[in-house]
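# Close look at the chain arrangement
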Amino acid sequence: MKKLEKIDLFNVVLESGKQRPYIPLFYQAFGQPIGSAPIVVVNHALTGNSTVTGENGWWNELIGETKTIDTDYFTVIAFNIPGNGYDNNFGNLISNYKDFTIRDVARIFWEGLLYLNITDVFAVIGGSLGGAIAWEMAALLPNRIQNLIPIATDWKATDWVIANVLIQDQILNNSDDPIADARLHAMLLYRTPQSINQRFQRTKFNDSSVFQIENWLANHGVKLKNRFRLSAYKLMNHLLKTNDITNNRGDFTTVVKTIKAHIYIVAVDTDYFFIPEENKSTYELAKTVNKNVSYHEIHSVHGHDAFLIEYEQLAHILAPIFNPQKQQNYVSA
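Residues numbered from 1 in each chain as written. Predicted model: local features only at pLDDT ≥ 70, side-chain atom pairs only at ≥ 80, totals over all residues. Heavy atoms only, no water.

## Remarks on the pattern of salt bridges
Oppositely charged side chains can form a pair if their charged atoms are brought close together. Put simply, the rule is: The term salt bridge refers to a side-chain nitrogen of Lys or Arg lying within 4 Å of a carboxyl oxygen of Asp or Glu. Residue burial is assigned from relative accessible area. The probe radius is 1.4 Å, only protein chains are included, and a residue is buried under 20% of its type maximum, exposed over 50%, and partly exposed in between.
For the coordinates displayed, the defined rule picks out 12 salt bridges. A salt bridge links Lys-156 to Asp-154; the nearest nitrogen and oxygen atoms lie 2.5 Å apart. Residue Lys-156 shares its accessibility class with Asp-154, and that shared class is buried.

The following block contains the structure:
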């Protein structure tokens, strides 16, 4: 696995006004040396991490040598959201998870980039929670990103998202088996009835009384429990409801008008979590004040998780963004 690097951040003031004396920010860098090629920042989703490519890479189909985001031409940087537990140091987990917001995470990511002497990036891309952080990164420093690519996400937490965050939080704080039980509920947000029905067709597991769908869900719960910490799950879930780039900034058109990046909104037509109708409304509103915005849609039976499943469609959407850049000689500022 690519080495996990660390940046030490001190006296971090959160959006709430509270101060953290120390936050370790872990990241991995792939492809070309920093400063020698255009920078692509990849933000991970709720249970994800910074290993976006290579051994155990969760986006290997899109990132790597000769892939859509080609590490022969780009420098790819992926931060771990502080407190996600990927460094396996219990001391770095965060218990007071309600103190943090997506804006805090976006600021911390920018601090990390500035520490690495990176002031401008070619693209910031992320799905779900990672895409929400991407929106906030653009709102914080609207002149520093050339291409903003939020996938299966939105610039705000809708009432539907907030409601489901509450259910997850209740499970995580009240269940006897919180991670596994919360995962059962979450998986049904990330997929669709059509996907589930098509896959399992009411079949039983090994001729037992247990349905295949029950076994599949239980396995997802066990797998997550074996690799994820409770405090990390609570924090990542909570962050979803803090998503709002307009908070203390004015309305959406006011904010999006300032963003200089080309904004590629990518929705999933069957997403039951960040529903495509919201993304279409975002696009229609944004294009009234910003000409550099476009809307794209992944068509899938699988719902929200299609951004992790429908690689060919996503690669087709992303190719025009990344391929022209490969033909240009990069000159470091």
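## Things to note about the layout of surface pockets
What counts, and what does not: Here a cavity is any set of points on a 1 Å grid over the protein atoms alone where a 1.4 Å probe fits but cannot get out, and a pocket is any open set with protein on both sides within 12 Å along at least 5 of 7 lines; a residue lines the site when it has an atom within 4 Å of a point. Grid points are joined across faces, edges and corners, and a volume is the space filled by probe spheres set on the points. For helices the rule is a DSSP run of H or I covering at least 4 residues; for strands it is a run of E covering at least 2, with both sets numbered from the N terminus onward. When residues are sorted by character, Ala, Val, Leu, Ile, Met, Phe, Trp, Tyr, Cys and Pro go into the nonpolar class, Asp, Glu, Lys and Arg into the charged class, and all the rest, Gly among them, into the polar class.
Reported here for the largest pocket is a volume of approximately 580 Å³. Along the wall of the largest pocket there are 23 residues; nearest its centre are Thr-47, Arg-183, His-220, Arg-227 and Leu-308. Residue contributions to the lining of the largest pocket peak at 7 residues, all from helix α6 (residues 212-227). For the lining of the largest pocket, the residue count by class is 9 nonpolar, 9 polar and 5 charged.

## Examining helix α7 (residues 230-241)
The condition is simple: We call two residues contacting when some pair of their heavy atoms lies within 4.5 Å.
A large share of α7 lies buried, amounting to 9 of its 12 residues. Every buried residue of α7 is listed here: Ala-232, Tyr-233, Lys-234, Leu-235, Met-236, Asn-237, His-238, Leu-239 and Leu-240. At its buried positions, α7 is contacted by α1 (102-115), α2 (129-140), α3 (159-174), α4 (178-190) and α6.

## Description of unusual backbone geometry
The phi angle of most residues is negative, glycine excepted, and most peptide bonds adopt the trans form. Of note, the phi angle at Asn-117 is positive, near 65 degrees, even though the residue is not glycine. Locating Asn-117 in the fold gives a position in the loop between α1 and β7 (121-127). Residue Asn-117 is classed as exposed on the basis of its relative accessible area of 69%.

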